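A closer look at the structure
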Amino acid sequence: MSAFLLRRLLHAIFVVWGVVTVVFFLVRLTGDPTGFLVDQTATQEEIAHTRHLLGLDRPVYVQYLDFLLAVPRGDFGTSIRDKRPAMRMVLEHLWPATVQLALAALLLSTLLAIPLGIVSATHRDSCVDHLSRVASLFLQSMPSFWLGLMLILVFAVQLQGLLPSYGSGSLRHLILPAITLAAAPLAQNVRLIRAGMLEVLAQDYVRTARAKGLAERLVIYRHTLRNAALPFITLSGLSLGFMLSGTIIIETVFSWPGMGRLIVQAVPGRDFPVIQAGVFVFAVIFVLINVLVDVLYTVVDPRVRLSS
Amino acid sequence: MWLCVGGMIWLLLTLGVAGGVTPTLNGVEIDPEGELIVALADDTNNMDPRIGMGSIRSNYIRQVFESLVDVDAQGNPVPGLALSWKPIDDLTWEFVLRQGVTFHNGEPFNADTVLFNLDRFYRRNLDTWGIDDVTASTSFEKTHPEVTRWEKVDDYTVRLYTSDPAPTLWDFIGREPMVPKDYTRQQGVEGLNERPVGTGPWRMVEWKRKDSMHFERHEAYWGRKPLYTKMRFQVIPEGAARIAALKSGEVGLIEAVPPLDATVLARDPQLRIASSIQKLYCRLYVNGRPQDQYDSGGQDGLFSDARVRLAMNHAINKEGIITKIFNGYARENASPVSMVSYGYAAQPPYTYDPKKAKALLAEAGWQDGDGDGFLDKNGDTLSLDLVFPAKHYGQAFDEMTPAVAEMLKEVGIQVTITLVDFGTLLQTAIKGTLPRNGGFTACRTSNNLDADDYLRDWAALTLINWAPYPPDLLALYQASKREVHADKRLQLLAELQRKVRDWAPVVSLYQEVKVYAHRQDVLNFVPIPELNMDFRGVALQKR
């Protein structure tokens with residue numbers, strides 16, 4: 001186990017270095033941010049002066065070496081537009097706003113998906129199954145910005161402020177964005193669990209379990225669900241990664257001060273330090289979640305060994 | 001006048017509250033302890049005015065900070081932190097400062113404050129003051145090098161000396177917000193930016209970046225105060241979500257209402273629509289630079305001939321665009337200067353006249369020789385590679401550009417539209433890599449009041465100067481820069497605007513009318529033609 005974790009850690013460092021290096025050079029290919037900082041009537045001389053103050057007139061390799069030396073200290077520089085430490089800005093948006101929203105949506109999409117998927121599979125072709133499949137299709141097809149606006153119109157406007165339409169900081173604020181964010185993964189999870197369950201339910205060992213008189217509850221939860229859960233765990237891990245990377249549309253519709261909007265605003269604004277800090281955090285999150293998913297595999301399915 | 005009326009209202013309100021009587025405004029009971037939540041599309045990047053005063057940032061910064069020169073609801077200059085300003089001679093300006101003004105932390109405002117700010121503007125004595133420089137959007141030492149020194153005459157009088165006459169000094173210095181000297185030295189420029197302290201009607205108490213900014217009324221404010229105590233600027237980026245928050249009563253006022261939504265919202269009895277012309281002036285810039293002023297490949301810009309640009313102005317049905325696309329929330333303007341700037345002189349409109357446009361193009365030598373519907377000259381086709389920045393200017397800008405392209409095609413100009421992000425357009429403008437037949441639609445605004453801020457657009461080679469002044473116009477412009485006598489200068493400005501109108505360096509499209517919507521219980525809100533909202537005198541009806 002420890003050898004596995006050590007190997008994954010080295011792997012992670014290499015992946016994160018690769019990602020930040022690629023991003024460092026890619027963002028510089030998109031142009032420089034000086035134009036955003038000067039007045040539109042600025043002359044070439046003023047523009048050159050601002051570039052100098054930003055250090056963008058130095059050779060790119062010098063900028064890259066400085067960057068590499070600073071990264072281990074967690075120093076990603078100062079935001080070009082906000083004049084604040086870039087990593088601090090990213091972390092302020094990651095916690096609590098983005099983490100709260102991602103975990104709430106993950107909880108919602110998992111806790112609802114498991115029973116719905118099981119019922120749908122165990123009552124195959126019944127009315128409940130059809131309803132669940134149609135609802136899943138519907139939820140997956142709905143664009144999240146549309147769903148978000150509809151929820152706002154119903155719960156904030158029509159129901160006279162039953163739930164707030166924007167902002168963060170309380171459970172009430174979390175409800176509508178979490179539902180909107182959870183909708184698509186929920187539908188996906190229901191379909192995945194249903195499909196997995198149907199496949200496992202047809203296996204010989206399930207028939208054997210039933211034949212030896214095991215209670216149906218035990219057959220479903222002990223023998224079927226655990227075996228059907230592996231793809232679901234992988235997908236949930238990836239979903240959590242995406243959710244923690246910030247969800248620009250949800251954050252925009254609900255004015256949720258999360259990381260997605262910060263990074264997406266930084267890209268057209270050519271705010272290199274914020275983009276680099278954000279991508280670094282994304283990369284770390286994805287790598288850690290992948291390790292976690294690998295470890296979870298061994299818990300769910302003892303046949304899987306980390307060393308293999 | 002406003003000061004007296006404001007003072008009286010404030011006195012009456014105070015007496016009313018002290019006597020246990022609910023205060024009223026025009027017979028309506030108001031809530032002096034209320035909070036107004038204003039939904040805005042974006043947060044400010046900075047609060048230190050030196051870093052920059054763009055259209056979003058100004059709205060935040062000018063609640064907290066004030067300038068020597070203030071503006072009234074019509075956009076006219078009125079006394080702010082300075083009671084008066086005047087040229088003593090051709091090379092000296094004098095500002096007489098308002099007495100009894102304090103910053104939110106109690107620091108007094110006086111001549112020393114102004115000298116400190118002038119040093120910051122011109123990046124002088126920063127080591128002596130012990131403060132860092134900041135990357136500023138305006139470099140005064142480069143844009144206004146004519147200001148050579150400044151001195152304190154007494155605690156409330158400051159004089160500035162110039163090497164050349166500087167008739168707009170009252171504007172370019174007067175409109176810059178003033179920051180406190182001692183506080184900035186103690187907290188550093190970073191502290192000033194994070195925890196700004198100004199003399200304005202609102203004191204910032206909390207700033208949740210990208211989310212909200214909370215204000216409390218500056219009780220020692222010298223002028224007309226807002227008639228409620230708390231205010232929050234709430235960032236709601238999505239337009240539909242802003243409208244929903246207004247309708248649900250979660251916010252009291254929203255900005256940047258799309259013109260088509262304004263008509264619908266006006267039917268809601270709970271809501272009111274307010275609008276005001278803005279300085280945001282949108283134009284089609286086309287490449288008319290000489291070959292030595294851009295990455296040309298040895299050829300002048302295809303639109304160097306003024307007759308071609310003039311023809312393009314006549315080819316566009318601006319009235320139709322304003323009526324159909326902007327629902328009337330925009331204005332046509334043939335002057336190169338914003339209609340609310342000091343020194344603006346109205347010019348005869350470029351009438352929508354495709355025949356005249358074609359005649360002008362023919363006069364410039366452009367004919368449809370091969371019958372393909374597009375004009376040619378010496379083997380060249382009159383084509384326009386039109387770039388426009390999507391999702392940047394709001395209102396109905398994005399819908400307007402394709403309409404303009406279609407109208408230009410009608411007179412024989414081959415137009416290709418490319419949609420880019422704003423940063424890409426800036427790159428093109430900075431590097432001077434706009435193609436020979438290139439153009440872009442963009443808007444410019446101003447933090448200043450004087451017409452000069454627009455007329456200087458074609459004097460130096462800047463991001464938006466793609467048709468530099470010819471020698472005669474440059475000479476006239478420079479004459480206006482030297483004329484200190486107000487009446488004579490206004491005449492020069494009018495003459496320059498007339499000539500620039502006929503020379504047509506850009507294709508004038510529209511000047512924005514900004515639309516706001518608010519709950520009916522928000523009283524006395526009057527939008528001003530500046531980049532910021534003014535809440536002085538605004539009240540909240542008691543619920």
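Bear in mind the structure is a predicted one, so any value in this text is a computation, not a measurement.

1. Looking at the pattern of salt bridges
Residue and element names in this part refer to chain B. Scanning the model with the defined rule gives 48 salt bridges over all chains in all. Taking the shortest distance from any N to any O, the salt bridge between K225 and E219 comes out at 4.0 Å. Judged by relative accessible area, which is 10%, K225 ranks as buried. With a shortest N-O distance of 3.9 Å, R307 and E363 are connected by a salt bridge. Residue R307 is found in helix α10 (residues 306-315), and its partner E363 is found in helix α12 (residues 354-363); the two are separated by 56 residues along the sequence. Take R307: its relative accessible area is 32%, and that puts it in the partly exposed class.

2. Description of the nonpolar core
Counting residues in each nonpolar core, the largest one holds 83 residues, and the members touching the most others are L284(B), M312(B), L382(B), L384(B), L408(B), Y469(B) and Y510(B). A per-element tally of this core places helix α13 (residues 397-410) of chain B first, with seven residues. Every residue in contact with Y469(B), bar those within four places of it in the chain, is listed here: L455(B), W458(B), A459(B), L474(B), Y477(B), L496(B), V500(B) and W503(B). If you look at the next biggest cluster of nonpolar residues, it comprises 80 residues, including F76(A), A245(B), I254(B) and A517(B).

3. So, the pairing of strand β9 (residues 157-162) of chain B
Residue and element names in this part refer to chain B. In terms of burial, β9 is largely enclosed, as five of its six residues are buried. Judged from the five bridges that link them, strand β7 (residues 92-97) and β9 form a sheet pairing that is antiparallel. Across the sheet, residue W93 finds its bridge partner in β9, namely L160. Where strand β8 (residues 147-154) meets β9, six bridges bridge the pair, whose relative direction is antiparallel. Looking at β9, one finds that W150 is bridged to L160. In textbook terms, the turn of a hairpin is the stretch between consecutive antiparallel strands, and for β8 and β9 this stretch comprises two residues.

4. Considering the packing of helix α5 (residues 86-122) of chain A against helix α10 (residues 216-244) of chain A
Residues and elements named next belong to chain A. Put simply, α5 and α10 touch, their axes get as near as 10 Å, and they point 150 degrees apart. By the angle class used here, α5 and α10 are roughly antiparallel. The two elements α5 and α10 cross, and the hand of that crossing is right-handed. From α5, L94, T98, V99, A102, L103, A105, L106, T110, I114, I118 and T122 reach across to α10, where they touch I220, Y221, L225, F232, S236, L240, M243 and L244. Of the residues that constitute the contact of α5 with α10, the class distribution is 15 nonpolar, four polar and no charged.

5. A look at the packing of helix α7 (residues 144-158) of chain A against helix α8 (residues 171-201) of chain A
All names here are of chain A. As a packed pair, α7 and α8 sit with axes 9 Å apart at the nearest point and diverge in direction by 145 degrees. Remark: the crossing between α7 and α8 carries right-handed chirality. In this structure, α7 contributes S144, L147, G148, L151, I152 and F155 to the contact, and α8 contributes L176, I179, T180 and A183. A class-by-class count of the residues in the contact of α7 with α8 yields seven nonpolar, three polar and no charged.

6. Overview of the interface of chain A and chain B
Between chain A and chain B, the contact holds 41 residues from the first and 50 residues from the second. Contact with chain B buries surface across chain A, with Q40(A), T41(A) and Y166(A) losing the most and accounting together for 18% of the total. Linking chain A to chain B there are four salt bridges. A salt bridge links D421(B) to R270(A); its shortest N-O distance comes to 3.1 Å. Scanning the region where chain A abuts chain B turns up ten residue pairs in polar contact (both at pLDDT 80 or more). Of all the secondary structure elements, the ones that give two or more residues to the side of chain A that touches chain B are α2 (34-37), α3 (44-54), α7, α11 (248-253) and α12 (259-266) of chain A. For the side of chain A that touches chain B, the leading source of residues is α3(A), giving eight residues. Of the residues in the side of chain A that touches chain B, the class split is 17 nonpolar, 14 polar and ten charged.

7. Some remarks on α10(B)
All names here are of chain B. Buried residues dominate α10, accounting for eight of its ten residues. When we look at burial in α10, the residues that qualify are V308, R309, L310, A311, M312, N313, H314 and A315. Its side-chain oxygen 2.8 Å from the backbone nitrogen of R307, D305 forms the N-cap of α10.

8. A few points about the confidence of the model for chain B
Residue and element names in this part refer to chain B. Of all residues in chain B, 96% have pLDDT values of 70 or greater, and the mean over the chain is 91. Across chain B, the element-wise mean pLDDT spans from 47 in helix α1 (residues 2-18) up to 98 in β9. Note that residues 1-7 has pLDDT below 50 and, in this model, six contacts with residues that lie over four places away or in other chains. Throughout residues 11-19 the model reports pLDDT below 50, and contacts reaching past four residues in sequence, or to other chains, amount to seven contacts. Predicted complex, confidence summary: ipTM 0.79, pTM 0.86.

9. Here we look at a nonpolar patch on the surface
Residues and elements named next belong to chain A. On the surface, F145, W146, M150, L153, V154, L159, L162, I248, I249 and V264 cluster together into a nonpolar patch covering about 820 Å² of accessible area. Among the elements that line the nonpolar patch, the one with the most residues is α7, at five residues. Judged by its relative accessible area of 43%, L159 falls in the partly exposed class.

10. Some remarks on empty space enclosed by the protein
All names here are of chain B. Tallied over the full model, the rule gives three cavities of 30 Å³ or more. Taken as a whole, the largest cavity encloses approximately 180 Å³ of empty space. If you trace the largest cavity, you find 17 residues lining it, with R62, F65, D70, N532 and R536 closest to the centre. Looking at the lining of the largest cavity, the elements that each hand over two or more residues are α2 (55-64) and β4 (69-71). Looking at the lining of the largest cavity element by element, the count peaks at three residues for β4. Looking at side-chain class alone, the lining of the largest cavity contains seven nonpolar, four polar and six charged residues. Empty space within the second largest cavity amounts to approximately 70 Å³. Elements with a contribution of two residues or more to the lining of the second largest cavity: β14 (271-286), α17 (486-503) and β21 (506-519). Considered class by class, the residues forming the lining of the second largest cavity number nine nonpolar, two polar and two charged.

Thresholds applied
Residues numbered from 1 in each chain as written. Chains lettered and ligands numbered in written order. Predicted model: local features only at pLDDT ≥ 70, side-chain atom pairs only at ≥ 80, totals over all residues. Heavy atoms only, no water. Salt bridge = Lys/Arg side-chain N within 4 Å of Asp/Glu carboxyl O. Buried < 20%, exposed > 50% of the residue type's maximum accessible area, 1.4 Å probe, protein only. Helix = DSSP H or I, 4+ residues; strand = E, 2+ residues; numbered from the N terminus. Core = buried A, V, L, I, M, F, W, Y, C linked by side-chain atoms within 4.5 Å. Contact = heavy atoms within 4.5 Å. Pairing = 2+ DSSP bridges. Axes fitted to C-alpha atoms, helices over the stretch in contact; angles between N-to-C directions. Parallel < 35°, antiparallel > 145°, perpendicular 65-115°, else oblique. Left-handed = near helix turned anticlockwise from the far one by under 90°. Nonpolar A, V, L, I, M, F, W, Y, C, P; charged D, E, K, R; others polar. Buried area = accessible area lost by both parts, 1.4 Å probe. Polar contact = N/O pair within 3.5 Å; in protein donor to acceptor, adjacent residues only side chain to side chain. pLDDT = per-residue confidence, 0-100. Patch = residues over 30% accessible without salt bridge, like charges linked within 9 Å, V, L, I, M, F, W, Y side chains within 5 Å. Areas by Shrake-Rupley, 256 points an atom, 1.4 Å probe, with all protein chains shown as cover. 1 Å grid on protein atoms, 1.4 Å probe; cavity = no way out; pocket = protein on both sides within 12 Å on 5 of 7 lines; lining within 4 Å. Points joined across faces, edges and corners; volume = space filled by probe spheres on them.

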